[in-house]
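Spelled out from the first residue to the last, the chains are:
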Amino acid sequence: MPTEKKISSASDCINSMVEGSELKKVRSNSRIYHRYFLLDADMQSLRWEPSKKDSEKAKIDIKSIKEVRTGKNTDIFRSNGISDQISEDCAFSVIYGENYESLDLVANSADVANIWVTGLRYLISYGKHTLDMLESSQDNMRTSWVSQMFSEIDLDNLGHVTLCNAVQCIRTLNPGLKMSKIELKFKELHKSKDKAGTEVIKEEFIEVFHELCTRPEIYFLLVQFSSNKEFLDTKDLMMFLEAEQGLAHINEEISLEIIHKYEPSKEGQGQGWLSIDGFTNYLMSPDCYIFDPEQKKVCQDMKQPLSHYFINSSHNTYLIEDQFRGPSDITGYIRALKMGCRSVELDVWDGPDNEPVIYTGHTMTSQIVFRSVIDIINKYAFSASEYPLILCLENHCSVKQQKVMVQHMRKILGDQLYTTSPNVEDSYLPSPDVLKRKILIKAKKLSSNCSGVEGDVTDEDEGAEMSQRMGKESLEQPPNHVPGRRFQLCKELSELVSICKSVQFKDFQVSFQAQKYWEVCSFNEVLASKYANENPGDFVNYNKRFLARVFPSPMRIDSSNMNPQDFWKCGCQIVAMNFQTPGLMMDLNIGWFRQNGNCGYVLRPAIMREEVSFFSANTKDSVPGVSPQLLHIKIISGQNFPKPKGSGAKGDVVDPYVYVEIHGIPADCAEQKTKTVHQNGDTPIFDESFEFQINLPELAMVRFVVLDDDYIGDEFIGQYTIPFECLQTGYRHVPLQSLTGEVLAHASLFVHVAITNRRGGGKPHKRGLSVRKGKKSREYASLRTLWIKTIDEVFKTAQPPIRDATDLRENMQNAVASFKELCGLSSVANLMQCMLAVAPRFLGPDNAPLVVLNLSEQYPTMELQGIVPEVLKKIVTTYDTMIQSLKALIENADAVYEKIVHCQKAAMEFHEHLHTIGTKEGLKERKLQKAVESFTWNITILKSLELKEDRDVASFCISGICKNYSLISSLQTLQLNSRRKDIINSCLF
């Protein structure tokens, strides 16, 4: 920590300000001056030195301060030429005087900035009564509770306890703390007091507890919402939950439930108050984890065809080590099925005593009996998910042992086997919903014209290829099973194969014309990569209808994993992973399938499912028809990082830093890292913010990685991987996991997440809603020319409504962004936070309202009351512009979209005969293919311009303003200081 003593109260902040700090003073001419700032002992003025001004002028009276803003949110910061070099988390501004001048400052750390912001806000609220408030808060609820904890271990009322009991008690209250650290803190305290003996008195117990169990970053957050009290009441907590955490339908009853659940003191529970300890408990609970709890259950549409889902899949499931010499074991199946895997692999060969066995042929891997694996599958098939399980059967058995396989499967799996013949009149596979608790066999199948009891099919043998590459052809190989050769398949086994018939892939055009929807092709990783790079559009379109399985290259003898994202971006559903090998690739797989209740099925993005849609897997720009989103992540702090496994050179010292990685389509892949915090793995403070543009949110993942900075080689501490769509915004804890996926006890990251431009349109913006484009510089979505006159004429009619739709969207975004800036907030703020920020400004010196909110009309307006400063006029004018843009969107969205839909329907009438029409127009080969591609591009663009969501956002903004009035007006009942009560009673709210 930058400060020697941990900040745990407003008193600590005030004392630190009186001692003073070096801050950087920022001027509009891009100059930065280093000055020493301090608070006068009487707490009436803020001074700085040295200064060319008279000492009486180099100060600001506390009573003249209007507000204190965090971040770079004044005109001086925005216009300063070196603003990009200034940390958002270290910057703050003091707004003072009748003309709302700004004193723009930069602290050496976010911690120091928070001290000044908290202390100044406290002084503004309580003024001359600050000393009284500080004195009265010394014997507060928290101190009373900690005293009670001490009394409970001081059973004989001696006034002191043993060091051992004191350490154990604090460890019980904060399980993440190390016993050695608590004991050391008591010994340091005793040494500073020249105290002999090891007994601990109550005052020492309280001091050590405050020092070790207070997280300053959470304290600073609490006082932002607590009306400068040392606790949150039910209404403060409501405000936090709605304004910061983005929760809807919050009321006082819900706030009270949270307080009763997490507040440790009986006084707090009785009064409905949440102390710093209760607030910390809440923020560290699963209720505030970064993963959206809605995604912990099945929440996606499970009635789509099976080919519309990504399926959690395992490769050579029976192996628990490498691919060539490793042991085979049934625990591989147990592990995979318990993890939600929905596709497992069985390589079956003739075994002794007429019992088929499972292993990788032509290798030294050990064998397990086929029957025992089927028993395990029967036991665990639906332990983690009730949705269909696919058994990828690589059959290398003789006809005799094939019949034994069938007997075992029919006897053990029984009615769970799905053997219904596919309906030739259908076009798509059944849905996961229809196939609940069914087991599908993916294997070779006899052709329908085979009338005998057996026939020959082509063998597929990964092991043989691996053996060839390893130069191990001398190994004994079963007869008649050379790769690519044909072998006999019995009819009974063929009859078990229904909608997952294995066939060999030839090329995309052949598949589009001849492949049946129930046929499945398997692709070697190398071949799949070739198609992904050379034919990305065809691969995506292929996977809209057919299942594709991708398995690792035989060269991955060490069981390393391919990057599943390389194939998910092409729509490949079954990307088989080596579950036994931990690391980045397996983290991505586990993280991805954590969504949708970990059921093993994830619905693919609409752009990968719809028959007429344009998407190229290798795009390095924005995706047509998809609105890019901006992800803002602030890494605030870490808690209880363990020492990396196997490291010993540095003892217990950890020097952590954090990587934030984005995985997805090529346009989205990015990473950022924090600074290293030296010698602090217990409570490192990072306070660094990052911004990422996400072009295809439905396929993006965020990975947090904590590493130990070591000159020998950085070592892994923990990670957590989460789909973008599962992120919860607001202040969240990220529970870290080990290299092998186990949860690291008490180890976490504390972060803030915000997502902007969720409904944005046009080209991606560097700063989301904070960057505005006027009509002259605005770029409208462009439709492509097909060079088919009749169709091009139809698409031309869409251009005017496209412009109208884009204008409605971006006018609203621009107006909201302008209002946020005038409120002194960044682009990640919401309107509730804006209203909270401007409310205090609308009160005059005599406590008379300068601006009131008129709710009598459908759209709330701000009305000036007499003569007001220019800055307030500007706020009211900008607010009115925002309301008018919201109104325009709400009232015109349906009419504009109807025109777009009409054009879309008219164009789709040509879709079925597009090739014929193009040929008649004289288009051939490449030009005809280009016309088809342009048609899908145009339809994709038109689909993306649906304004219903934008209209809903605008309506939500309007209702939110009105709700803010109701919610914040209820604060009148609070025991607040007179100034704040006057603001609430007589002003905007």
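Given the structure is predicted, the values throughout are model-derived calculations rather than measurements. (Residues numbered from 1 in each chain as written. Predicted model: local features only at pLDDT ≥ 70, side-chain atom pairs only at ≥ 80, totals over all residues. Heavy atoms only, no water.)

Visitor: An account of the overall build of the protein is requested, with residue identities and associated values reported.
Guide: Looking only at helices and strands, the protein has 31 helices and 32 strands in total. Counting across all 989 residues of the protein, residues that qualify as buried make up 56%. Here the contacts in the protein between residues at least 6 apart in sequence split such that 70% fall between residues at least 24 apart. Of the roughly 42,400 Å² that the protein leaves accessible, carbon and sulfur atoms contribute 49%. (Helix = DSSP H or I, 4+ residues; strand = E, 2+ residues; numbered from the N terminus. Buried < 20%, exposed > 50% of the residue type's maximum accessible area, 1.4 Å probe, protein only. Contact = heavy atoms within 4.5 Å. Areas by Shrake-Rupley, 256 points an atom, 1.4 Å probe, with all protein chains shown as cover.)

Visitor: Which residues make up helix 10 (residues 234-243), and what are the values?
Guide: Of all 10 residues making up helix 10, 10 are buried, and the element is well covered by its neighbours. Every buried residue of helix 10 is accounted for by Thr234, Lys235, Asp236, Leu237, Met238, Met239, Phe240, Leu241, Glu242 and Ala243. Two or three places before Lys235, at the start of helix 10, stands the capping residue Asp233, its side-chain oxygen 3.1 Å from that residue's backbone nitrogen. (Polar contact = N/O pair within 3.5 Å; in protein donor to acceptor, adjacent residues only side chain to side chain.)

Visitor: Please provide a residue-by-residue account of the environment of Val660, values included.
Guide: Within the secondary structure, Val660 sits in strand 24 (residues 656-663). For the pair Val660 and Gln672, spaced 12 residues apart in sequence, the C-alpha to C-alpha distance is 5.3 Å. With near-sequence residues (within four places) excluded, Val660 lies in contact with Ile633, Ile635, Ala670, Glu671, Gln672, Phe690, Phe692, Val702, Arg703 and Phe704.

Visitor: Tell me what's going on with the environment of Ala548, and back it up with residues and numbers.
Guide: Structurally, Ala548 is set in strand 20 (residues 548-551). Sequence spacing of Ala548 and Glu519 is 29 residues, and the spatial spacing of their C-alpha atoms is 9.2 Å. Residues in contact with Ala548, not counting those within four places in the same chain, are Cys521, Phe523, Tyr542, Asn543, Cys572, Gln573 and Ile574.

Visitor: Go over unusual backbone geometry with me, naming the residues and quoting the values.
Guide: The omega torsion across Glu49 and Pro50 is -5 degrees, close enough to zero to call that bond cis. Residue placement: Pro50 occurs in the loop between strand 3 (45-49) and strand 4 (59-61). Positive phi is not limited to glycine here, since Asn157 has a value of about 55 degrees. Examined against the element boundaries, Asn157 turns out to sit in the loop between helix 5 (141-153) and strand 8 (160-161). Residue classification places Asn157 among the exposed residues on the basis of a relative accessible area of 66%. Although it is not a glycine, Asp687 sits at a positive phi angle of roughly 50 degrees. Looking at the secondary structure, you find Asp687 in strand 26 (residues 685-694).

Visitor: Give a detailed account of the packing of aromatic side chains, specifying residues and quantitative values.
Guide: For the coordinates displayed, the defined rule picks out 35 aromatic pairs. Judged by centre distance (6.1 Å) and plane angle (90 degrees), the ring pair of Phe523 and Tyr531 falls under edge-to-face. With a relative accessible area of 0%, Phe523 lands in the buried category. The exposure class assigned to Tyr531 is buried, which follows from its relative accessible area of 11%. For the cation-ring pair, Arg215 lies above Phe750, with the distance from its terminal atom to the ring centre recorded as 5.1 Å. Taking NZ or CZ as reference, Lys673 lies 4.2 Å from the ring centre of Tyr657, over its face. (Phe/Tyr/Trp six-rings, centres within 6.5 Å; stacked < 30°, edge-to-face > 60°. Lys NZ or Arg CZ within 6 Å of the ring centre and 35° of its normal.)

Visitor: So what's going on with helix 15 (residues 370-380)? Residues and values would help.
Guide: Taken together, the buried positions of helix 15 are Phe370, Val373, Ile374, Ile376, Ile377 and Tyr380. Down the axis of helix 15, the sector holding all buried residues measures 160 degrees, keeping them to one side. (Arc of directions from axis to C-beta.)

Visitor: So what about the pairing of strand 28 (residues 715-723)? Which residues, and what values?
Guide: Judged by how many residues are buried, strand 28 sits mostly within the fold: seven of nine residues are covered. Where strand 27 (residues 701-708) and strand 28 come together, eight bridges link them in antiparallel fashion. For Phe704, the partnering residue across the bridge sits in strand 28 and is Tyr720. (Pairing = 2+ DSSP bridges.)

Visitor: How would you sum up the pattern of salt bridges? Please name residues and give values.
Guide: Per the counting criterion, the structure on display carries 37 salt bridges. Arg69 is paired through a salt bridge with Glu67; the nearest N and O atoms lie 3.5 Å apart. Judged by its relative accessible area of 12%, Arg69 falls in the buried class. Judged by its relative accessible area of 12%, Glu67 is buried. The salt bridge involving Lys229 is made with Asp233; its shortest N-O contact spans 3.8 Å. Three or more residues are tied together by salt bridges with common partners; here these are Lys303, Glu386, Asp433 and Lys436. (Salt bridge = Lys/Arg side-chain N within 4 Å of Asp/Glu carboxyl O.)

Visitor: Tell me about the nonpolar core, and name the residues and values.
Guide: Of all hydrophobic cores here, the largest spans 79 residues; its most connected members are Tyr333, Leu346, Ile377, Leu393, Met409 and Phe523. The residues contacting Phe523, other than those within four sequence positions of it, are Phe505, Ala528, Tyr531, Phe539, Tyr542, Ala548, Arg549, Val550 and Phe551. (Core = buried A, V, L, I, M, F, W, Y, C linked by side-chain atoms within 4.5 Å.)

Visitor: Tell me what's going on with the sheet that holds strand 7 (residues 101-106), and back it up with residues and numbers.
Guide: The sheet built from seven strands is open, its strands ordered 4-3-2-1-7-6-5 with antiparallel pairing. Pairing within the sheet leaves two strands with one partner each, and these edge strands are strand 4 and strand 5 (65-70). This sheet shows a mean twist of 30 degrees between the axes of neighbouring strands, independent of strand direction. The sheet contact formed by strand 6 (residues 91-96) and strand 7 spans six bridges and is antiparallel. In the sheet register, Ile95 faces strand 7, and the bridge partner there is Ser102. Running over the sheet, helix 3 (residues 110-126) touches strand 1 (21-26), strand 2 (32-39), strand 3, strand 5 and strand 6 and is turned about 155 degrees from strand 5. (Axes fitted to C-alpha atoms, helices over the stretch in contact; angles between N-to-C directions.)

Visitor: How would you sum up the pairing of strand 1? Please name residues and give values.
Guide: In this structure, strand 1 lies alongside strand 2, joined through six bridges in antiparallel fashion. Bridge pairing in strand 2 links Val26 to Ile32. In this structure, strand 1 lies alongside strand 7, joined through three bridges in antiparallel fashion. Within the sheet, the bridge partner assigned to Val26 lies in strand 7 and is Asp104.

Visitor: Hey, could you go over the side chain of Arg142 for me, with residue numbers and the actual values?
Guide: By the secondary structure assignment, Arg142 is in helix 5. Each residue touching Arg142, except ones within four places of it in the same chain, is listed here: Ser8, Phe209, His210, Cys213, Thr214, Ile276 and Asp277.

These figures come from the coordinates and say nothing about function on their own.
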